[in-house]
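These are the residues of each chain, in order.
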Amino acid sequence: IAVANFLQGHKRAKRVFYPGLESHPQHKLAKAQMAGFSGMISFNLNGNYDDVLTFFKRLKVFELAESLGGVESLVNHPERMTHASVPEDMRKLLGIDFSLIRLSIGIENEADLIAALSEALSF
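Read on for a plain summary of the structure. (Residues numbered from 1 in each chain as written. Predicted model: local features only at pLDDT ≥ 70, side-chain atom pairs only at ≥ 80, totals over all residues. Heavy atoms only, no water.)

### Quick look at the overall build of the protein chain
Right, so step 1: Within the protein chain, the regular secondary structure consists of five helices and five strands.
Right, so step 2: The N-to-C order of helical and strand elements in the protein chain reads α-β-α-β-α-β-β-α-β-α.
Right, so step 3: Here the C-alpha radius of gyration of the protein chain, 14 Å, is about what a compact globule of 123 residues would show, namely 14 Å.
Right, so step 4: Relative to its full complement of 123 residues, the protein chain shows a buried share of 41%.
Right, so step 5: Long-range pairs, those at least 24 residues apart, make up 62% of the contacts in the protein chain with a sequence separation of at least 6.
Right, so step 6: For the protein chain, the exposed area adds up to about 7100 Å²; of that, 52% sits on carbon and sulfur atoms.
Right, so step 7: Seen as two clouds, the 13 positive and the 14 negative side-chain charges of the protein chain have centres 6 Å apart. (Helix = DSSP H or I, 4+ residues; strand = E, 2+ residues; numbered from the N terminus. Rg over C-alpha atoms; globule rule 2.2 N^0.38 Å. Buried < 20%, exposed > 50% of the residue type's maximum accessible area, 1.4 Å probe, protein only. Contact = heavy atoms within 4.5 Å. Areas by Shrake-Rupley, 256 points an atom, 1.4 Å probe, with all protein chains shown as cover. Lys, Arg positive; Asp, Glu negative; His and termini not counted. Charge placed at Lys NZ, Arg CZ, Asp CG, Glu CD.)

What follows is the structure, encoded as structure tokens:
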């Protein structure tokens, strides 16, 4: 939740997708069904494709990975990785574009994760 809150307040995050945030359209349902919220967070980077590449190049602590299951914090670019085989018109319909970034929050210290994201987003 700390990472989601950080991203929600950052000018480079256009939109944050995390059911633990009250702004999420299914927050009430997730709260009723879960004892806590998952470590999966998605967000749209506010910028162009080059900005997305810059973010990935600057990001530390998080490892770039196709699969988002592990104890370490991972990052994924769905348009070019997990959903690359989905036809472009379907990706567009699903909201999967160049700006979408997925995070899997691991067991690292939350302050370290937020610091890494803050540094990667400060360009």
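### A word on helix H5 (residues 110–121)
Right, so step 1: The terminal C-alpha atoms of H5 lie 16 Å apart, and with 12 residues this matches the ideal 16 Å at 1.5 Å per residue to within 8%.
Right, so step 2: Restricting attention to buried positions, one finds in H5 the residues Leu-113, Ala-116, Leu-117, Ala-120 and Leu-121. Seen end-on, H5 carries its buried residues on one side only, within an arc spanning 125°.
Right, so step 3: Residues of H5 that are buried make contact with helix H1 (2–8), strand S2 (40–45), helix H3 (49–58) and strand S5 (100–104).
Right, so step 4: A side-chain oxygen of the first residue of H5 lies 2.7 Å from the backbone nitrogen of Ala-111; this N-cap is Asn-109. (Expected span 1.5 Å × (residues − 1). Arc of directions from axis to C-beta. Polar contact = N/O pair within 3.5 Å; in protein donor to acceptor, adjacent residues only side chain to side chain.)

### Details of the environment of Gly-69
Right, so step 1: For Gly-69, the position within the fold is in the loop between strand S3 (63–64) and strand S4 (74–76).
Right, so step 2: The sequence separation of Gly-69 and Gly-39 amounts to 30 residues, and the corresponding C-alpha distance is 9.9 Å.

### Some remarks on the pattern of salt bridges
Right, so step 1: For the coordinates displayed, the defined rule picks out three salt bridges.
Right, so step 2: Notably, a salt bridge pairs Arg-12 with Asp-51, separated by 3.8 Å at the nearest N-O pair. One end of the pair, Arg-12, is in the loop between H1 and strand S1 (13–17); the other, Asp-51, is in helix H3, and 39 residues separate them in sequence.
Right, so step 3: Given a relative accessible area of 18%, Asp-51 falls into the buried group.
Right, so step 4: The partner of Lys-60 in a salt bridge is Glu-119, with the nearest N and O atoms 3.1 Å apart. Taken together, the positions of Lys-60 in the loop between H3 and S3 and Glu-119 in helix H5 put the pair 59 residues apart, joining distant regions of the chain.
Right, so step 5: Classification of Glu-119 as partly exposed rests on a relative accessible area of 38%. (Salt bridge = Lys/Arg side-chain N within 4 Å of Asp/Glu carboxyl O.)

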